[in-house]
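Survey of secondary and tertiary structure
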Amino acid sequence: SLLQEVMSKKGDLSNNTPDKTMEAKNRGWPKGKRRYPKGVGAPKQPLSGYVHFLNERRESVRGENPDITFSDLSKKLAAEWSGLAEPDKNKYNDLAKRDKDRYDKEFSDYQHTDSYKHYLESQKEGGGGEQRVKKKKKTAGSSLARDSKRNSFDESDGEVVVAEPQRENSNSFDIPIFTEEFLDHNKARELELRQLRKQTTEFEEQNAVLGKHIDSMKSAISKLEVETVQQRQNNAGLQQQLDMLRQMVVSSFRGVQLPGNHEPLTLQSVDQFVSGLHGVMVEQQGQQHTGLLNTVKDIVSRMDFSKIQG
């Protein structure tokens, strides 16, 4: 009888195991997770309490820390959520509960629309491929399910769940795609990109202004160089006229002797001669040298200054 009892237990185990295996393989959707229809006319899926908390605190934390990276922001928010007391968490869980009630009402109305019928038909037509996709999603999310718990008030709050870290020192923070957090992440990246484009535009404008200043400086330098060349030419012309005037004075006043000066008039001494002659003419004693003054006036009247001006 003991042998029969053992054999009967083995038979029961062998009969139950395949059924459980088939049930685990064919259940299709993870237990405790609700399937939310997607498509035109489908109501927006409800958010968990944790996502409501993120949406409320994200901009405030980013405003207090303008240079914070997205990963550090996510870790900081996760740490804040982990440190919240249960009464504070209940505030966001109540929001999640109301959001779920809203979804249930909208989904009830959505079930009577043609869009919902089309959705059911599409699910039937693509059932096989969908099952494979679901299995892949389940496999990819298994490690996340082992390390984290759901953040919503209800176990059926959303198809895609945002992981809540259990430890404040967690080194990773995963964001499933097509969630509010993922969209907010994209918006933050787009905002940074717009800021970088704005800064690039401002730098380009500054470069353009500096380029204009450089062009103006080059133009001013070229103008000064031209004026310098012209001034040198004018100086050369004046020097030539001065040399011609000296030669004319030497040739015209040759033989004229100043009082107290018996040196011959040469090109080297002509400047001293003219200076002494000027002194004799302006002094009051010039009246004593009336003959010299008349001689000077006669010589000057016969000098041809047109040669010098030409």
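Here is a short report on the structure shown in this document. (Residues numbered from 1 in each chain as written. Predicted model: local features only at pLDDT ≥ 70, side-chain atom pairs only at ≥ 80, totals over all residues. Heavy atoms only, no water.)

Turning next to the overall build of the protein. Helix and strand content of the protein: 10 helices and zero strands. Starting at the N terminus and ending at the C terminus, the protein contains elements arranged as α-α-α-α-α-α-α-α-α-α. By the burial criterion, 24% of the 310 residues in the protein qualify as buried. A separation of at least 24 residues holds for 66% of the contacts in the protein among residues at least 6 apart in sequence. (Helix = DSSP H or I, 4+ residues; strand = E, 2+ residues; numbered from the N terminus. Buried < 20%, exposed > 50% of the residue type's maximum accessible area, 1.4 Å probe, protein only. Contact = heavy atoms within 4.5 Å.)

Bringing the pattern of salt bridges into the picture now. Side-chain pairing between opposite charges can occur once the charged atoms of the two side chains come close. Across all of its chains, the model carries 15 salt bridges by this definition. By sharing partners, the salt bridges in this structure join Arg58, Glu181 and Asp184 into a single network. (Salt bridge = Lys/Arg side-chain N within 4 Å of Asp/Glu carboxyl O.)

Attention shifts here to the nonpolar core. Buried together is how nonpolar side chains tend to be arranged in soluble globular proteins. Formed by 16 residues in total, the largest nonpolar core has its most connected members in Phe253, Val256, Leu265, Phe273, Leu277, Leu292 and Met303. The element that contributes the greatest number of residues to this core is helix H8 (residues 270-282), accounting for four residues. Among the nonpolar cores identified, the runner-up in size contains 10 residues, and Phe53, Leu54, Ile68 and Ala78 belong to it. (Core = buried A, V, L, I, M, F, W, Y, C linked by side-chain atoms within 4.5 Å.)

Time to look at helix H7 (residues 180-252). For H7, built from 73 residues, the straight-helix expectation of 108 Å at 1.5 Å per residue is met to within 8% by its first-to-last C-alpha distance of 107 Å. Listed in full, the buried residues belonging to H7 are Glu181, Asp184, Ala188, Met248, Val249 and Val250. (Expected span 1.5 Å × (residues − 1).)

For the rest of this paragraph, the subject is the packing of aromatic side chains. In the structure shown here, the tally under the stated rule is 10 aromatic pairs. Taking the centre distance of 6.3 Å and the plane angle of 45 degrees together, the rings of Phe107 and Tyr110 count as tilted. Here Phe107 and its partner Tyr110 are both found in helix H4 (residues 86-110), three residues apart, which amounts to about one turn of the helix. For the pair Phe107 and Tyr110, a shared accessibility class is recorded, and that class is buried. One aromatic cluster is present, formed by Tyr103, Phe107, Tyr110, Tyr116 and Tyr119 through successive ring pairs. (Phe/Tyr/Trp six-rings, centres within 6.5 Å; stacked < 30°, edge-to-face > 60°.)

On to the packing of helix H2 (residues 49-64) against H4, then. Packed helix pairs are specified by the crossing angle of their axes together with the interaxial distance, meaning the distance between the axes. Interaxial distance between H2 and H4 falls to 7 Å at its minimum, and their mutual angle equals 110 degrees. Relative to H4, the element H2 is oriented roughly perpendicular. The two elements H2 and H4 cross, and the hand of that crossing is right-handed. Contacts between H2 and H4 involve Gly49, His52, Phe53 and Glu56 on the former and, on the latter, Lys91, Tyr92, Asn93, Leu95, Ala96 and Asp99. Split into classes, the residues belonging to the contact of H2 with H4 amount to four nonpolar, three polar and three charged. (Axes fitted to C-alpha atoms, helices over the stretch in contact; angles between N-to-C directions. Parallel < 35°, antiparallel > 145°, perpendicular 65-115°, else oblique. Left-handed = near helix turned anticlockwise from the far one by under 90°. Nonpolar A, V, L, I, M, F, W, Y, C, P; charged D, E, K, R; others polar.)

For helix H9 (residues 290-302), with 13 residues, the first-to-last C-alpha span of 19 Å sits near the 18 Å given by 1.5 Å per residue. Every buried residue of H9 is listed here: Leu292, Leu293, Val296 and Ile299. With its buried residues spanning 130 degrees around the axis, H9 presents them on a single face. Residues of H9 that are exposed and angled more than 90 degrees away from the buried face: Lys297, Ser301 and Arg302. Tucked inside the fold, the buried residues of H9 contact H7 and H8. (Arc of directions from axis to C-beta.)

A few words now on the environment of Phe53. As for its position among the elements, Phe53 is in helix H2. Separated by 25 residues in the primary sequence, Phe53 and Ala78 have C-alpha atoms spaced 9.7 Å apart. Those residues in contact with Phe53 that lie beyond four places of it in its chain are Leu77, Glu80, Trp81, Leu84 and Tyr92.

Right, let's talk about the environment of Pro259 for a bit. For Pro259, the position within the fold is in the loop between H7 and H8. In sequence terms Pro259 and Leu277 are 18 residues apart; their C-alpha atoms lie 9.2 Å from each other.

With that settled, consider a nonpolar patch on the surface. Taken together, the side chains of Leu242, Leu245, Val300 and Phe305 make up a nonpolar region of the molecular surface, amounting to roughly 280 Å² of accessible area. Relative to the elements of secondary structure, Leu242 occurs in helix H7. Taking the relative accessible area as the measure of exposure, Leu242 reaches 34% and is therefore partly exposed. (Patch = residues over 30% accessible without salt bridge, like charges linked within 9 Å, V, L, I, M, F, W, Y side chains within 5 Å. Areas by Shrake-Rupley, 256 points an atom, 1.4 Å probe, with all protein chains shown as cover.)

The next point concerns the packing of H7 against H8. Axis separation between H7 and H8 bottoms out at 10 Å; the angle between their running directions is 70 degrees. Overall, the two elements H7 and H8 adopt an arrangement that is roughly perpendicular. Note on packing geometry: the crossing formed by H7 with H8 is left-handed. Contact with H7, carried on its side by Arg246, Val249 and Val250, involves Val270, Asp271 and Val274 of H8 and no other residues of that element. Looking at the contact of H7 with H8, its residues break down into four nonpolar, no polar and two charged.

Everything listed is a geometric property; what it means functionally is a separate question.
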